[in-house]
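Results of the structural survey
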Amino acid sequence: MPRTIAYRLYIAWGGSTYVDESSRLLQASGENRLTSPDAIAAGRGIVDRCTLELDNRDGRYSPLNSSGALYANIQAGGAYHRPMYLEVSIDGGSNYYRVFTGIIKLPQEQTPTPTKPATVTIDCRSVDEALLGKRMSLSVADMLMMHDAGYTEGDIIAYWVQLAGKSATADDGVFVLPWAWMDDESVLEEMWAIASATGGRFYADPDGTFRYEDMTHWLKAPHTTSQETFTRGDFAELQPVYADNELYNVVTVEASSRTLGAADVLWEPDEPVTIPPSSTKAITCRYRQPAYSANFPSWKAATNGGIDKTSDVTVTVTGSYVQRMEISITNAATEAVTLHPFNLSGVALTGGPTQEETRTSAANGSNSAWWTSRGTTRSKAIRGNAYVQTRAQAGTLAQYLLHRSGAPRLTYKLKGCPGKSSRRCGDLVTINDTAIMSSARNAFISAISW
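A brief structural summary. Note that the coordinates shown come from a computational prediction; the quantities given were computed from them, not determined experimentally.

Re the overall build of the chain
- The secondary structure content of the chain amounts to 8 helices and 28 strands.
- A compact globule built from 450 residues would reach a C-alpha radius of gyration of about 22 Å, whereas the chain, at 28 Å, exceeds it by more than 25%.
- Counting only C-alpha atoms, the chain reaches 95 × 70 × 35 Å along its principal axes.
- Out of the 450 residues belonging to the chain, those deemed buried represent 44%.
- In the chain, once contacts between residues fewer than 6 apart in sequence are set aside, the share between residues at least 24 apart is 73%.
- In the form shown here, the chain has an accessible surface area of approximately 21,900 Å², with 48% of it arising from carbon and sulfur atoms.
- Averaging the locations of the 41 positively and 47 negatively charged side chains of the chain gives two centres separated by 5 Å.

Quick look at the sheet that holds strand β10 (residues 168-170)
- Spatial strand order, β10-β13-β12: 3 strands in an open sheet with mixed pairing. Looking at which strands have only one partner, the edges of the open sheet turn out to be β10 and β12 (201-204). On average, each strand axis in the sheet is tilted by 15 degrees relative to the strand beside it, whichever way the strands run.
- In this fold helix α4 (residues 153-163) packs onto β10, β12 and β13 (210-213), with an angle of close to 170 degrees to the strand it touches most, β13.

Remarks on unusual backbone geometry
- In this structure, the amide linkage connecting Ala221 to the following residue, Pro222, adopts the cis form with an omega of 5 degrees.
- Tracing the backbone through its elements, the reader meets Pro222 in the loop between β13 and β14 (229-231).
- The omega angle of the peptide bond from His340 to Pro341 is -5 degrees, so this bond is cis rather than trans.
- Looking at the secondary structure, you find Pro341 in strand β23 (residues 337-360).
- Of note, the phi angle at Ala76 is positive, near 55 degrees, even though the residue is not glycine.
- Positive phi, normally seen in glycine, also occurs at Asp91, with a value near 55 degrees.
- With respect to the secondary-structure elements, Asp91 resides in the loop between β5 (83-90) and β6 (97-104).
- On the basis of relative accessibility, which here comes to 48%, the residue Asp91 falls in the partly exposed class.

Re the nonpolar core
- Among the nonpolar cores identified, the biggest contains 47 residues, and Trp160 and Phe202 are the most heavily contacted of them.
- Those elements that provide at least two residues to this core are α3 (140-149), α4, α5 (187-198), β12, β13, β16 (250-267) and α8 (391-405).
- Sequence-distant contacts of Phe202, defined by excluding residues within four places in its chain, comprise Ile157, Val161, Leu188, Met191, Trp192, Ala195, Phe210, Arg211 and Tyr212.
- Leu52, Leu54, Ile74 and Ile104 belong to the second-largest nonpolar core, a separate cluster that totals 20 residues.

Observations regarding the packing of α4 against α5
- Orientation of α4 relative to α5, taken along the N-to-C sense of each, is 170 degrees, at an axis distance of 10 Å. As far as their axial angle goes, α5 and α4 are roughly antiparallel. Taken together, the residues of α5 that come into contact with α4 (itself represented by Glu153, Ile156, Ile157, Trp160 and Val161) are Val187, Glu190, Met191, Ile194 and Thr198.
- Residue composition of the contact of α4 with α5, grouped by class: 7 nonpolar, 1 polar and 2 charged.

How each quantity is defined
- Residues numbered from 1 in each chain as written.
- Predicted model: local features only at pLDDT ≥ 70, side-chain atom pairs only at ≥ 80, totals over all residues.
- Heavy atoms only, no water.
- Helix = DSSP H or I, 4+ residues; strand = E, 2+ residues; numbered from the N terminus.
- Rg over C-alpha atoms; globule rule 2.2 N^0.38 Å.
- Buried < 20%, exposed > 50% of the residue type's maximum accessible area, 1.4 Å probe, protein only.
- Contact = heavy atoms within 4.5 Å.
- Areas by Shrake-Rupley, 256 points an atom, 1.4 Å probe, with all protein chains shown as cover.
- Lys, Arg positive; Asp, Glu negative; His and termini not counted.
- Charge placed at Lys NZ, Arg CZ, Asp CG, Glu CD.
- Pairing = 2+ DSSP bridges.
- Axes fitted to C-alpha atoms, helices over the stretch in contact; angles between N-to-C directions.
- Core = buried A, V, L, I, M, F, W, Y, C linked by side-chain atoms within 4.5 Å.
- Parallel < 35°, antiparallel > 145°, perpendicular 65-115°, else oblique.
- Nonpolar A, V, L, I, M, F, W, Y, C, P; charged D, E, K, R; others polar.

Structural data, given as structure tokens:
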């Protein structure tokens, strides 16, 4: 018999109080994906998406209709980044389960036609979208605290999510990263880069929980137990595919270490800094290299005629970060003054010589005979990730990627599967199609389209 599917849609149009919009939902579709094993080292993650279509016959969702019920909240793009979530119940069950938690992009209204009533289409993204555009900078004190405490990549990601005003569920991590910082950068992209450098994943799940999973995550429960079995009656179509797009027998990973430099000038202006009389000027002092320590600015002030006005000038540090210091300079004199000399001294973190670790199928893999019989070599190189900082880390990552790419990867696409609200990416499942395979195979779910 056909299954009964019930949906509940909630949107916080004002930013905090959720409103039940279920009765107006016409259709919903979406996708939850994990960064595939092939792309872990690519430095990018995935933001999930969901598309909603709602009935708008009374103009409820019209941002140009001042009499609309939501006009105060959605006019002039007010719906942007408002929270939402979608729940599902199957066959009349009293329990509803989340299939998507996220934030709204901007709704797209469609005017009514003779054959179709007025609707609005709402494109949504998972909650990590909010971190994608959030730019953050790390203080020197924060960087040193993580360094001295021996933070792993899991510790760093959990801490950075906390600094962004959120919380995360994070694995312990595999590698201690000596130096980690941000300088006016997307916090999500930096955490993707850390995950890439350590063979892990950072993502937001359908419940809206931020998660970091290290490279050992799928070796542990519950991922060691199959969560369900798909037989011929559980899907409409099965497509097994061997892919060669990430097939390599030589993997090289570059490590870039950081060392403490000698005490020196971190910053000085390209041209003299002049402050008009009785005024204040803000200046950003951006360092060429990240700073291990930065001293208070050193300066002298004088008029164009050479009269010393240092006592009339006040310099205030308004922000001190790993790669820049923001200062405010106030001139109390009745004449313009020029600061000279004017500089910042401290100790920089200098980039050490790069090191490379290479792993080959012949020396380190288990599929060397397969490659030898084909007389070919395919190489992959990972370079330029500032979070690969030690030779041991580079070697481990190279070995990890070699194991994943040393043989053609078998993937499966199942179509027409009845939806299951508890099904999650990362679940270990069993596939048994007796028409094309002699025995059942296990696989991890990496994407769900619904």
